[in-house]
Amino acid sequence: MRSFRNPAIESLLALILLFVLWEMGVHISGVPSFILPAPSEVFEAMLPHMSVLWRHSMVTLGGTLLSLVLGAGLGMLAGLAIGYSPGVSRLLYPILGGLHALPMSAFIPIFVVWFGTGMFPKVLAGLLIAFFPVTVNVVTGLRTIESELWEMLRTIGATRAQIFRKIGVPNTLPYFSASLKVAVAGAFIGNVVGEMIAAGSGLGYVLILSTNGMNMPLAFAALSILLLFGVALFTVFDTLERFIAPWAFRKLTD
């Protein structure tokens, strides 16, 4: 029996369940609103500030998407170069592995010294965080080509470039599309942390201002919008993954 799955509906139901449990938990436990406000209080705090929150939300979303596009594009190119050339792989892959172990958001204060405050430091941090999972997954996709298939194609006269173009690149698509879900989260984190440290706009900036002023309902309003953005972006790229590489998915059954 074929089962019907709609990622958007599933995500919406999960969010509704989360907010219902949150509301019930606050009322049952009696936690003060200055510690943990209920979703109803958060919504009340959002209403007078909707225009401001919308403006800051668009700043965060725009920076995140810019970081993702640049990071994923550069990551794809780097992954293809490393997977294609053994020399490039030996030179760059260990260095990238070492850099990946560093917390990229910790570079934001350095970026501020280099480039000043504003949008650039946070977009650059988001770009770097998004870059690494894409690069690693593309390289993995190229390295999972069966050696028997590779040797057979070389035997019948296929060049390395032809094998790379006809077999290697399509083989990376499931890995690339899966890495986008990780990359978008990284781009999101880099931008929000950058707004908290070095920007005068965005939801991260709202979060810092509201917590400094002990306005917890407004702080959780910013967090709730960030949660909605995170779920929406993950759902979009989860759905996109099924279009980019549909052959990589099996049908789910009950």
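Predicted, not measured: the structure shown is a model, and the values here were computed from it. (Residues numbered from 1 in each chain as written. Predicted model: local features only at pLDDT ≥ 70, side-chain atom pairs only at ≥ 80, totals over all residues. Heavy atoms only, no water.)

A tally of regular secondary structure across the protein chain gives 10 helices and zero strands. Along the protein chain, from the amino end to the carboxyl end, the secondary structure elements read α-α-α-α-α-α-α-α-α-α. Out of the 254 residues belonging to the protein chain, those deemed buried represent 39%. Taking all contacts inside the protein chain whose residues are at least 6 apart in sequence as the whole, residues at least 24 apart take part in 77%. (Helix = DSSP H or I, 4+ residues; strand = E, 2+ residues; numbered from the N terminus. Buried < 20%, exposed > 50% of the residue type's maximum accessible area, 1.4 Å probe, protein only. Contact = heavy atoms within 4.5 Å.)

Now for the packing of aromatic side chains. Within this structure, the stated rule accounts for eight aromatic pairs. For the pair Phe 111 and Phe 115, a centre-to-centre distance of 6.4 Å together with 45° between the ring planes defines the contact as tilted. Placement of both Phe 111 and Phe 115 in helix α5 (residues 108–115) is noted, with a separation of four residues, approximately one turn of the helix. Residues Phe 131 and Phe 132 carry aromatic rings whose centres are separated by 5.3 Å and whose planes lie at 80° to one another, so their mutual orientation is edge-to-face. In this structure an aromatic cluster arises from ring pairing among Phe 107, Phe 111, Trp 114, Phe 115 and Phe 120. (Phe/Tyr/Trp six-rings, centres within 6.5 Å; stacked < 30°, edge-to-face > 60°.)

In a pair of packed helices, the angle between the axes and the distance between the axes together describe the arrangement. Contact geometry for helix α3 (residues 50–84) and helix α4 (residues 86–100): axes closest at 6 Å, N-to-C directions at 130°. Taken together, α3 and α4 sit at an angle that is classed as oblique. Residue-level contacts link Ala 81, Ile 82 and Tyr 84 of α3 to Pro 86, Val 88, Ser 89, Leu 92, Tyr 93 and Leu 96 of α4. (Axes fitted to C-alpha atoms, helices over the stretch in contact; angles between N-to-C directions. Parallel < 35°, antiparallel > 145°, perpendicular 65-115°, else oblique.)

With that settled, the discussion passes to the nonpolar core. The biggest cluster of nonpolar side chains holds 35 residues, and the ones touching the most others in it are Leu 53 and Leu 203. Of all the secondary structure elements, the ones that give two or more residues to this core are α1 (7–29), α2 (39–46), α3, α6 (119–143), α8 (160–198), α9 (203–212) and α10 (216–244). The leading source of residues in this core is α10, at 10 residues. Residues Ile 82, Leu 96, Met 104 and Phe 131 belong to the second largest nonpolar core, which totals seven residues. (Core = buried A, V, L, I, M, F, W, Y, C linked by side-chain atoms within 4.5 Å.)

To continue, consider the side chain of His 56. Note on placement: His 56 falls in helix α3. Apart from the residues within four sequence positions on either side, His 56 is in contact with Gly 200, Ser 201, Gly 202, Leu 203, Tyr 205 and Val 206.

We now examine the packing of α4 against α6. Two elements in contact, α4 and α6, have axes separated by 11 Å at closest approach and are oriented at 140°. Here α4 lies oblique to α6, going by the angle between them. Between α4 and α6 lies a crossing of left-handed hand. Judged by residue contacts, Ser 89, Tyr 93, Leu 96, Leu 99 and His 100 of α4 engage Phe 131, Phe 132, Thr 135, Val 136, Val 139 and Arg 143 from α6. (Left-handed = near helix turned anticlockwise from the far one by under 90°.)

As a further point, take α4. For an α-helix the count is 3.6 residues per turn, leaving residues at separations of three or four pointing the same way. A rise of 1.5 Å per residue sets the reference length of α4, with its 15 residues, at 21 Å; its end C-alpha atoms lie 20 Å apart and thus fit the reference within 8%. Maximum bend of α4: about 35°, positioned at Leu 92, with proline Pro 94 one to four residues after it. (Expected span 1.5 Å × (residues − 1). Bend = angle between axes of the 7 residues up to and from the residue.)

Turning our eyes to something else, we now look at the environment of Val 42. Relative to the elements of secondary structure, Val 42 occurs in helix α2. For Val 42, a relative accessible area of 3% corresponds to the buried category. With 178 residues separating them along the chain, Val 42 and Phe 220 place their C-alpha atoms 6.3 Å apart. Excluding its chain neighbours within four sequence positions, the residues that come into contact with Val 42 are Trp 22, Pro 37, Pro 217, Phe 220, Ala 221 and Ser 224.

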